[in-house]
Every structure is written in C-alpha cells, then in structure tokens.
Amino acid sequence: MSTALTALCRHPIVQAPMAGGGSGPELVAAVGEAGGLGFLAAGYKTADGMYQEIKRLRGLTGRPFGVNLFLPQPELANTAAVEVYRDQLAGEAAWYETGLGEVDPYGGSDDGYEAKLAVLREDPVPVVSFVFGCPSRAVLASLAAVGTYTVVTVTTPDEARAAEAAGADAVCAQGVEAGGHQGTHRDDPHADGTGAPLGLLSLITQVRETVRVPVIAAGGLMRGAQIAAVLVAGAEAAQLGTAFLATPESGAHPLHKRALTDPLFTRTELTRAFTGRPARGLVNRFLREHGPYAPAAYPAVHHLTAGLRKAAARTGDAQGMALWAGQGHRLARELPAGALVALLASELGAAREEWNGHRVRGEA
C-alpha cells in the first residue's frame, strides 16, 4: 500500500459509502476501530445533516474516516418521460396507499454539493471521495490544501485518466459486479444492456496501465481471498459494501439484510427502476415489473419512488424495496463489523501465505 493509504488504515479494507442509511457513524466507527477505513455517505443528506453525522462519528472514534459526495447531475432533459413513468406507478401508489414523490423536492439536482464542500473545507476530514463524476481541479486542490486525501470513483480507464488529470490522490475502480449505483461519470442510456460495463479484474488492469495514482478496487468482494486477488491484480486496497450491509451496525432495513441470503432472491440486475440511474439490486417484483420502462432520469425517479420504497419497508414487503446488493450477496455473513474486518484480514493473511507458499514451491 502507498504511504498515504497505509496511514489511513491498518488493513487494506475499505467500507463502501452506502447512501440511504446503510453506512452511518456506528458502522464507520466500528470499521475504523478494527483497522479498516470506513466511509460516511453524504448523498441524500443536507450539508447540516452530513455535519451532524461527522460530529457523532468523531465522538465514537478517533480513527481516520471518509465522507462520500455525489457530483451535481445535469438538469432533467425529458420531464415527459418521468411523467409517463409516474402514470405507470399509479397502481403501486394505490397498493401501498401512499403518494408519489415530487420530482425535485430539494430544489435542484446538485445534492447540496457546494454547501457540503464548504463544510468539509471549514472542518476537514481525512478523506473525501466522489461518485457520479469528476470534481474540478479547483475543488480537489482546495481539499488538498486543508490536508484531505481525495478519491474519485471510476468505471473506465478514461474516467480514471480524467480523475488523475484533475488532481485526485486515488481512484476507486468500480466493477460491474458492485451493488448499488454504478458510479459512471456520464449516464448513457444507450449503453444499457450492451455489456459495456467492465468487470473488476479487467478494470483494475486497464486502470493500472492508464494512471499512476493508487487504485482502490470495488465490486462483488466478500472474502479475504478476493481482497488478495485484487491486490495481486494491482489495487492497493479493496472496498466492500454488501459485505457490511448484514452487520448489526449497518443502518440497512432488517428486510434488506435478510434478503441478501434469502433463497427467494437468487440474482441481481442493473436497473433504473428505483432511481433512474443504473444500480445493482436483488431482483424482486418491482424491479421485474418496472425496470424495463424506467427512464434515464436521476435523481428525478429516485424522488418519485421514495415514498413507495418507504411504504413497502413499513409494510414488510421486500418485493417493493430497493434491495441494493453486489453479485456476491449470497456470501454475506451476519457478524459485527469489527469482527468482519478481523475475519477478512485473517482470510487475506491466509491467502497471502498460501500464495507465498506456492511461489516458494514453484521456485524450488
């Protein structure tokens, strides 16, 4: 690992930021105390809401941590498509006895980006990561000036090149196996279903041959041996999200946690059904029925379906929830977060020893 990353975590294990409540202060603190690097998700929160979570986290641990920001999104170009989708969801609203959300309840599609940056410059945190785009050189320089390490999520070599050129300290290479939203810098609906997203091992190799900054690998990782594999492939740390969803410290809904290993949910798909942006989740009724018709309109669709998702959770209906999960979801383990980090580190150590043993025997 690089010197900068080594200073941030004892183990090359990063807990992914999971917007929507999955990664709160309790989870991030537990991961940090165990020697990993935890991330708060600032997405869908106000700047003050983010600040309050940072304060609470600092009261729980003195270990380094990160905060993840959403990049501002383009203005909604096709409001008609959203209104058509609203009509298609009318039956869901009637079934769950709830209204459909307003398309733009927060007054824009920037997720409070500038206000959050102002807070993070005034009261710096060790790491800030970005998703859904690449920050400007000025933004990254301003965070560097206050001692913050910056990471940009990328899904292609070209995105990695742009992040390096803008001054990012590292990139998080997100493979198509990852749960939740794909962190593409440009949401292209014409690429849906074309097989264009890269798998993690291929992506790591291409990114390592494109840029010189450190690479954090993300996508479907659930075991220490997989962490060892991405480190051998050229990553300097591994980021895991779904693996931490089942922990007691996770803020995920109990139905979501149980669904990860429920035989009823056999596979995942990328879908726009819940938010209007490609995101990987467990295939349930809502995804099957509405995924083929959902428009490329993030975050408008996210706001539109928010009430439906909450109502489904309230009534105990996992078939109407956004059950974000990576391809390795069946490998989830119900362990405290600290114990999970320790187990992953132990598995990583065992994999390294086995690898070294093979090398020695090969040389002999």
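Scroll up a little and you will see the structure.
None of these values were measured; they are calculated from a predicted model.

K.L.:
For this particular structure, what's the right way to read the pattern of salt bridges?
P.N.:
Where charged atoms from two side chains of opposite charge come close, those side chains can pair. If you walk through the whole model with that rule in mind, you get 12 salt bridges. Here R58 makes a salt bridge to D123, at a shortest N to O gap of 2.9 Å. With R58 in helix α3 (residues 47-60) and D123 in the loop between α6 (113-122) and β4 (127-131), this pair connects stretches of sequence that are 65 residues apart. Through salt bridges with shared partners, one network takes in E92, R285 and E289.

K.L.:
Teacher, can you tell me more about the environment of A322 here?
P.N.:
Within the secondary structure, A322 is located in the loop between α14 (300-314) and α15 (337-363). Of the residues examined, A322 reaches a relative accessible area of 14% and is grouped as buried. Here the alpha-carbon distance between A322 and G291, two residues 31 residues apart in the chain, equals 12 Å. Apart from the residues within four sequence positions on either side, A322 is in contact with H256, F274 and R309.

K.L.:
Sorry if this is basic, but what is going on with the side chain of T61 here?
P.N.:
Positionally, T61 belongs in the loop between α3 and β3 (65-70). The class for T61 is buried, based on a relative accessible area of 9%. A distance of 2.5 Å separates polar atoms of two side chains, one belonging to T61 and the other to E33. In contact with T61, other than residues within four places in its own chain, are A29 and E33.

K.L.:
Sorry, what's going on with the nonpolar core here?
P.N.:
Grouped burial of nonpolar side chains is what soluble globular proteins tend to show. In terms of nonpolar packing, the biggest core is built from 63 residues, with I13, Y85, I227, V230, L240 and F244 touching the most fellow members. The contacts of Y85, once residues within four sequence positions are left out, are A273, F286, H290, Y293, A294, P295, V301, L304 and T305. Counting 33 residues, the second-largest nonpolar core is a separate cluster that includes A160, A168, V171 and L203.

K.L.:
Any chance you could explain the environment of G43 here in plain terms?
P.N.:
Among the structural elements, G43 can be located in the loop between β2 (38-41) and α3. It is 8.9 Å that separates the C-alpha atoms of G43 and G112, two residues lying 69 residues apart in sequence.

Thresholds, definitions, all that
- Starting afresh in each chain, residues are numbered from 1 along the sequence in its written order.
- Confidence filtering applies because this is a predicted model: local features only for residues at pLDDT of at least 70, side-chain atom pairs given and counted only at 80 or more, and all residues used for totals across whole chains, interfaces and linings.
- To obtain the side-chain values, all non-hydrogen atoms of the structure were included, while hydrogens and water were left out.
- Throughout this description, the term salt bridge denotes a Lys or Arg side-chain nitrogen within 4 Å of a carboxyl oxygen of Asp or Glu.
- Comment: elements are numbered from the N terminus, with helices defined as DSSP H or I runs of at least four residues and strands as E runs of at least two.
- Note on classification: 1.4 Å probe, protein chains only; a residue is buried when its accessible area is under 20% of the maximum for its type, exposed when over 50%, partly exposed between these limits.
- Whether two residues are in contact is decided by their heavy atoms: any pair within 4.5 Å suffices.
- Under this definition, polar contacts are N or O atom pairs within 3.5 Å; protein pairs additionally need one hydrogen-donor-capable and one acceptor-capable atom, and for neighbouring residues in sequence, both atoms have to be side-chain atoms.
- Throughout this description, the term nonpolar core refers to a set of buried Ala, Val, Leu, Ile, Met, Phe, Trp, Tyr and Cys residues connected via side-chain atoms within 4.5 Å.

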